[in-house]
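So the chains spell out like this:
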Amino acid sequence: MRRGWFLPLAAALGFAFLYAPIVSLVIFSFNANRLVTVWSGFSVQSYKDLFADEKMLQAAWLSLQVAAISATIALVLGTLCAVALVRFRRFRGKTVLAGMASAPLVMPDVITGLSLLLLFVAMESLFGWPAGRGMLTIIIAHSTFCMAYITVVVQSRLLDLDLSLEEAAMDLGATPVRVFFDVTLPIIAPALVSGWLLAFTLSLDDLVIASFVTGPGASTLPIVIFSKIRLGVSPDVNALATIIIGIVALGVGAATLLQLRRPKTKA
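Throughout what follows, the structure given in this document is the object of discussion.

Calculation notes
- Residues numbered from 1 in each chain as written.
- Predicted model: local features only at pLDDT ≥ 70, side-chain atom pairs only at ≥ 80, totals over all residues.
- Heavy atoms only, no water.
- Helix = DSSP H or I, 4+ residues; strand = E, 2+ residues; numbered from the N terminus.
- Rg over C-alpha atoms; globule rule 2.2 N^0.38 Å.
- Buried < 20%, exposed > 50% of the residue type's maximum accessible area, 1.4 Å probe, protein only.
- Contact = heavy atoms within 4.5 Å.
- Areas by Shrake-Rupley, 256 points an atom, 1.4 Å probe, with all protein chains shown as cover.
- Lys, Arg positive; Asp, Glu negative; His and termini not counted.
- Charge placed at Lys NZ, Arg CZ, Asp CG, Glu CD.
- Phe/Tyr/Trp six-rings, centres within 6.5 Å; stacked < 30°, edge-to-face > 60°.

This paragraph deals with the overall build of the protein. Looking only at helices and strands, the protein features 12 helices and 0 strands. When the helices and strands of the protein are placed in sequence order, the string is α-α-α-α-α-α-α-α-α-α-α-α. Taking 2.2 N^0.38 as the reference for a compact globule, 267 residues should give roughly 18 Å; the C-alpha atoms of the protein span a radius of gyration of 23 Å, well beyond that estimate. Seen through its principal axes, the protein has C-alpha atoms that stretch 70 × 70 × 30 Å. Taking all 267 residues of the protein together, 31% fall into the buried category. Sequence separation of at least 24 residues holds for 67% of the intrachain contacts in the protein that already meet a minimum separation of 6. When the accessible surface of the protein is totalled, it reaches about 17,200 Å², and 71% of it is carbon and sulfur. Of the charged side chains in the protein, 19 are positive and 14 negative, and the gap between their average positions amounts to 8 Å.

Let's shift gears to the packing of aromatic side chains. What the rule picks out here adds up to 7 aromatic pairs. For the pair Trp 5 and Phe 6, a centre-to-centre distance of 6.3 Å together with 75° between the ring planes defines the contact as edge-to-face. Since its relative accessible area comes to 63%, Trp 5 is described here as exposed. Among the residues examined, Phe 6 registers a relative accessible area of 56% and is labelled exposed. With a centroid separation of 5.3 Å and an interplanar angle of 15°, the aromatic rings of Trp 196 and Phe 200 are classed as stacked. Placement of the pair is Trp 196 and Phe 200 together in helix α9 (residues 189-205), with a separation of 4 residues, close to one helical turn.

What follows covers the environment of Val 179. The residue Val 179 is located in helix α8 (residues 176-187) in this model. Residue Val 179 is classed as buried on the basis of its relative accessible area, which comes to 4%. When the C-alpha positions of Val 179 and Leu 165 are compared, they lie 9.2 Å apart, and in sequence the two are 14 residues distant. Once residues lying within four places of it in the same chain are set aside, the contact partners of Val 179 are Glu 166, Ala 169, Met 170, Ala 174 and Thr 184.

Spelled out as C-alpha coordinates, the structure:
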(Lines give C-alpha, C1' and ligand atoms only; values in the text may rest on other atoms or scores of the structure.)
Protein backbone atom coordinates (compact mmCIF):
# COMPACT_ATOMS: atom_id res chain seq x y z
CA MET A 1 0.00 0.00 0.00
CA ARG A 2 1.28 3.44 -0.91
CA ARG A 3 2.00 5.56 2.10
CA GLY A 4 0.38 8.94 2.24
CA TRP A 5 2.00 12.21 3.13
CA PHE A 6 -0.20 13.00 6.10
CA LEU A 7 1.42 10.72 8.69
CA PRO A 8 5.05 11.82 8.00
CA LEU A 9 3.97 15.46 8.00
CA ALA A 10 2.03 15.07 11.25
CA ALA A 11 4.99 13.30 12.87
CA ALA A 12 7.39 16.02 11.69
CA LEU A 13 5.15 18.80 12.99
CA GLY A 14 4.68 16.98 16.29
CA PHE A 15 8.42 16.52 16.85
CA ALA A 16 9.08 20.11 15.82
CA PHE A 17 6.48 21.35 18.30
CA LEU A 18 8.08 19.30 21.08
CA TYR A 19 11.78 19.78 20.41
CA ALA A 20 12.13 23.12 18.59
CA PRO A 21 11.95 25.12 21.87
CA ILE A 22 14.53 22.80 23.44
CA VAL A 23 16.88 23.16 20.46
CA SER A 24 16.55 26.96 20.52
CA LEU A 25 17.26 26.96 24.28
CA VAL A 26 20.45 24.96 23.76
CA ILE A 27 21.58 27.23 20.94
CA PHE A 28 20.99 30.45 22.86
CA SER A 29 22.83 29.07 25.89
CA PHE A 30 26.00 29.75 23.82
CA ASN A 31 24.92 33.28 22.94
CA ALA A 32 27.40 36.08 23.56
CA ASN A 33 24.62 38.61 24.09
CA ARG A 34 23.03 39.09 27.49
CA LEU A 35 19.67 39.28 25.73
CA VAL A 36 18.57 35.71 25.15
CA THR A 37 16.51 36.62 22.08
CA VAL A 38 19.30 38.40 20.17
CA TRP A 39 22.11 36.30 18.72
CA SER A 40 25.48 38.06 18.82
CA GLY A 41 27.92 35.19 18.36
CA PHE A 42 29.21 32.06 20.04
CA SER A 43 30.33 32.27 23.67
CA VAL A 44 30.53 30.11 26.81
CA GLN A 45 30.27 33.08 29.17
CA SER A 46 26.82 31.95 30.36
CA TYR A 47 28.34 28.68 31.59
CA LYS A 48 31.08 30.58 33.42
CA ASP A 49 28.43 32.77 35.04
CA LEU A 50 26.46 29.67 36.03
CA PHE A 51 29.37 27.98 37.82
CA ALA A 52 30.20 31.28 39.53
CA ASP A 53 26.65 31.65 40.88
CA GLU A 54 26.84 30.10 44.36
CA LYS A 55 23.12 30.55 44.99
CA MET A 56 22.22 28.56 41.88
CA LEU A 57 24.71 25.81 42.67
CA GLN A 58 23.51 25.52 46.26
CA ALA A 59 19.91 25.30 45.08
CA ALA A 60 20.85 22.58 42.57
CA TRP A 61 22.69 20.57 45.25
CA LEU A 62 19.76 20.95 47.65
CA SER A 63 17.29 19.80 44.98
CA LEU A 64 19.40 16.74 44.17
CA GLN A 65 19.60 15.79 47.86
CA VAL A 66 15.89 16.29 48.41
CA ALA A 67 14.98 14.36 45.26
CA ALA A 68 17.23 11.39 46.09
CA ILE A 69 16.09 11.10 49.72
CA SER A 70 12.41 11.66 48.90
CA ALA A 71 12.46 9.12 46.08
CA THR A 72 14.09 6.51 48.35
CA ILE A 73 11.59 7.03 51.17
CA ALA A 74 8.69 7.03 48.73
CA LEU A 75 10.02 3.84 47.14
CA VAL A 76 9.99 1.95 50.44
CA LEU A 77 6.58 3.21 51.52
CA GLY A 78 5.02 2.88 48.07
CA THR A 79 6.28 -0.68 47.64
CA LEU A 80 4.90 -1.72 51.03
CA CYS A 81 1.56 -0.12 50.18
CA ALA A 82 1.43 -1.88 46.80
CA VAL A 83 2.25 -5.24 48.37
CA ALA A 84 -0.50 -4.76 50.94
CA LEU A 85 -3.07 -3.86 48.29
CA VAL A 86 -2.19 -6.75 45.97
CA ARG A 87 -1.18 -9.60 48.26
CA PHE A 88 -3.65 -9.08 51.10
CA ARG A 89 -6.97 -9.36 49.34
CA ARG A 90 -9.22 -8.69 52.32
CA PHE A 91 -8.46 -6.59 55.34
CA ARG A 92 -10.25 -3.81 57.17
CA GLY A 93 -9.59 -0.45 55.62
CA LYS A 94 -8.30 -1.71 52.25
CA THR A 95 -10.71 0.50 50.30
CA VAL A 96 -9.71 3.52 52.36
CA LEU A 97 -6.01 2.72 51.87
CA ALA A 98 -6.46 2.37 48.09
CA GLY A 99 -8.30 5.68 47.93
CA MET A 100 -5.74 7.49 50.07
CA ALA A 101 -2.87 6.05 48.00
CA SER A 102 -4.35 7.34 44.75
CA ALA A 103 -5.70 10.66 46.05
CA PRO A 104 -2.41 12.61 45.60
CA LEU A 105 -2.48 11.71 41.91
CA VAL A 106 -5.57 13.84 41.29
CA MET A 107 -5.17 16.39 44.09
CA PRO A 108 -4.12 19.87 42.89
CA ASP A 109 -0.62 20.82 44.00
CA VAL A 110 -1.90 24.00 45.59
CA ILE A 111 -4.25 22.05 47.87
CA THR A 112 -1.53 19.54 48.74
CA GLY A 113 1.03 22.25 49.52
CA LEU A 114 -1.41 24.30 51.60
CA SER A 115 -2.60 21.29 53.62
CA LEU A 116 0.99 20.19 54.34
CA LEU A 117 1.90 23.73 55.40
CA LEU A 118 -1.02 23.83 57.85
CA LEU A 119 -0.01 20.39 59.14
CA PHE A 120 3.60 21.45 59.77
CA VAL A 121 2.50 24.64 61.51
CA ALA A 122 0.10 22.70 63.77
CA MET A 123 2.74 20.06 64.56
CA GLU A 124 5.29 22.71 65.42
CA SER A 125 2.91 24.47 67.79
CA LEU A 126 1.88 21.20 69.49
CA PHE A 127 5.08 19.14 69.54
CA GLY A 128 7.80 21.58 68.54
CA TRP A 129 8.66 19.45 65.51
CA PRO A 130 9.52 20.15 62.79
CA ALA A 131 11.18 23.36 63.92
CA GLY A 132 10.57 25.75 61.06
CA ARG A 133 10.39 24.94 57.39
CA GLY A 134 13.37 23.76 55.41
CA MET A 135 14.92 20.70 53.85
CA LEU A 136 13.17 18.28 56.22
CA THR A 137 9.68 19.57 55.47
CA ILE A 138 10.36 19.49 51.73
CA ILE A 139 11.48 15.86 51.97
CA ILE A 140 8.37 14.90 53.93
CA ALA A 141 6.11 16.70 51.45
CA HIS A 142 7.77 15.20 48.37
CA SER A 143 7.81 11.71 49.86
CA THR A 144 4.08 12.02 50.49
CA PHE A 145 2.96 12.71 46.94
CA CYS A 146 5.71 10.68 45.23
CA MET A 147 4.64 7.60 47.19
CA ALA A 148 1.34 7.55 45.28
CA TYR A 149 3.08 7.31 41.91
CA ILE A 150 5.36 4.50 43.06
CA THR A 151 2.40 2.62 44.51
CA VAL A 152 0.64 2.66 41.14
CA VAL A 153 3.76 1.55 39.24
CA VAL A 154 4.65 -1.30 41.61
CA GLN A 155 1.03 -2.38 42.02
CA SER A 156 0.60 -2.81 38.27
CA ARG A 157 3.74 -4.98 38.14
CA LEU A 158 2.64 -7.12 41.08
CA LEU A 159 -0.73 -7.76 39.45
CA ASP A 160 1.05 -9.26 36.42
CA LEU A 161 3.40 -11.38 38.54
CA ASP A 162 2.96 -15.15 38.27
CA LEU A 163 2.05 -16.35 41.75
CA SER A 164 3.22 -19.88 40.94
CA LEU A 165 6.82 -18.71 41.29
CA GLU A 166 6.25 -17.59 44.86
CA GLU A 167 4.21 -20.69 45.66
CA ALA A 168 6.99 -22.94 44.32
CA ALA A 169 9.54 -21.20 46.54
CA MET A 170 7.30 -21.59 49.59
CA ASP A 171 6.77 -25.27 48.76
CA LEU A 172 10.55 -25.69 48.88
CA GLY A 173 10.58 -24.33 52.43
CA ALA A 174 11.25 -20.63 51.95
CA THR A 175 9.63 -18.23 54.40
CA PRO A 176 7.39 -15.43 53.08
CA VAL A 177 10.08 -12.86 53.86
CA ARG A 178 12.73 -14.79 51.95
CA VAL A 179 10.32 -15.36 49.06
CA PHE A 180 9.80 -11.62 48.83
CA PHE A 181 13.51 -10.76 48.83
CA ASP A 182 14.73 -13.71 46.72
CA VAL A 183 11.86 -14.12 44.23
CA THR A 184 9.45 -11.19 44.17
CA LEU A 185 11.94 -8.35 44.57
CA PRO A 186 14.24 -9.33 41.67
CA ILE A 187 11.24 -9.76 39.36
CA ILE A 188 9.74 -6.36 40.16
CA ALA A 189 13.14 -4.63 40.20
CA PRO A 190 12.53 -2.85 36.84
CA ALA A 191 9.30 -1.40 38.25
CA LEU A 192 11.15 -0.28 41.37
CA VAL A 193 13.81 1.46 39.31
CA SER A 194 11.18 3.10 37.11
CA GLY A 195 9.22 4.23 40.16
CA TRP A 196 12.33 5.66 41.82
CA LEU A 197 13.31 7.57 38.69
CA LEU A 198 9.77 8.89 38.32
CA ALA A 199 9.71 10.04 41.95
CA PHE A 200 13.17 11.60 41.59
CA THR A 201 12.05 13.55 38.54
CA LEU A 202 8.81 14.71 40.14
CA SER A 203 10.64 15.89 43.25
CA LEU A 204 13.36 17.64 41.27
CA ASP A 205 10.75 19.38 39.11
CA ASP A 206 8.32 20.43 41.85
CA LEU A 207 7.75 24.14 42.40
CA VAL A 208 4.28 24.62 43.87
CA ILE A 209 4.43 22.26 46.86
CA ALA A 210 8.02 23.24 47.69
CA SER A 211 7.01 26.91 47.69
CA PHE A 212 4.51 26.21 50.50
CA VAL A 213 6.66 24.02 52.75
CA THR A 214 10.07 25.66 52.39
CA GLY A 215 11.57 28.48 54.40
CA PRO A 216 14.48 30.94 54.27
CA GLY A 217 17.76 29.34 53.30
CA ALA A 218 16.17 26.25 51.74
CA SER A 219 15.28 27.31 48.22
CA THR A 220 15.18 24.49 45.68
CA LEU A 221 16.34 24.87 42.11
CA PRO A 222 12.85 25.42 40.58
CA ILE A 223 12.16 28.16 43.14
CA VAL A 224 15.43 29.94 42.34
CA ILE A 225 14.87 29.66 38.59
CA PHE A 226 11.30 30.92 38.90
CA SER A 227 12.47 33.92 40.94
CA LYS A 228 15.11 34.73 38.30
CA ILE A 229 12.88 34.45 35.23
CA ARG A 230 10.26 36.75 36.75
CA LEU A 231 12.66 39.55 35.81
CA GLY A 232 13.50 37.99 32.45
CA VAL A 233 15.29 34.88 31.28
CA SER A 234 19.04 35.13 31.82
CA PRO A 235 21.66 33.21 29.81
CA ASP A 236 22.83 31.22 32.84
CA VAL A 237 19.34 29.70 33.14
CA ASN A 238 19.65 28.52 29.54
CA ALA A 239 23.06 27.06 30.37
CA LEU A 240 21.67 25.20 33.38
CA ALA A 241 18.78 23.84 31.31
CA THR A 242 21.23 22.71 28.62
CA ILE A 243 23.31 20.79 31.18
CA ILE A 244 20.19 19.07 32.52
CA ILE A 245 19.09 18.20 28.98
CA GLY A 246 22.52 16.74 28.29
CA ILE A 247 22.43 14.57 31.42
CA VAL A 248 18.95 13.30 30.55
CA ALA A 249 20.02 12.58 26.96
CA LEU A 250 23.04 10.60 28.17
CA GLY A 251 20.84 8.60 30.54
CA VAL A 252 18.29 7.82 27.84
CA GLY A 253 21.03 6.88 25.40
CA ALA A 254 22.73 4.57 27.90
CA ALA A 255 19.42 2.89 28.75
CA THR A 256 18.69 2.40 25.04
CA LEU A 257 22.10 0.84 24.40
CA LEU A 258 21.70 -1.54 27.34
CA GLN A 259 18.27 -2.52 26.08
CA LEU A 260 19.59 -3.21 22.58
CA ARG A 261 22.54 -5.24 23.84
CA ARG A 262 20.39 -7.39 26.14
CA PRO A 263 20.26 -10.94 24.75
CA LYS A 264 16.86 -11.91 23.44
CA THR A 265 15.29 -14.97 25.05
CA LYS A 266 13.63 -17.52 22.84
CA ALA A 267 10.05 -18.42 23.62
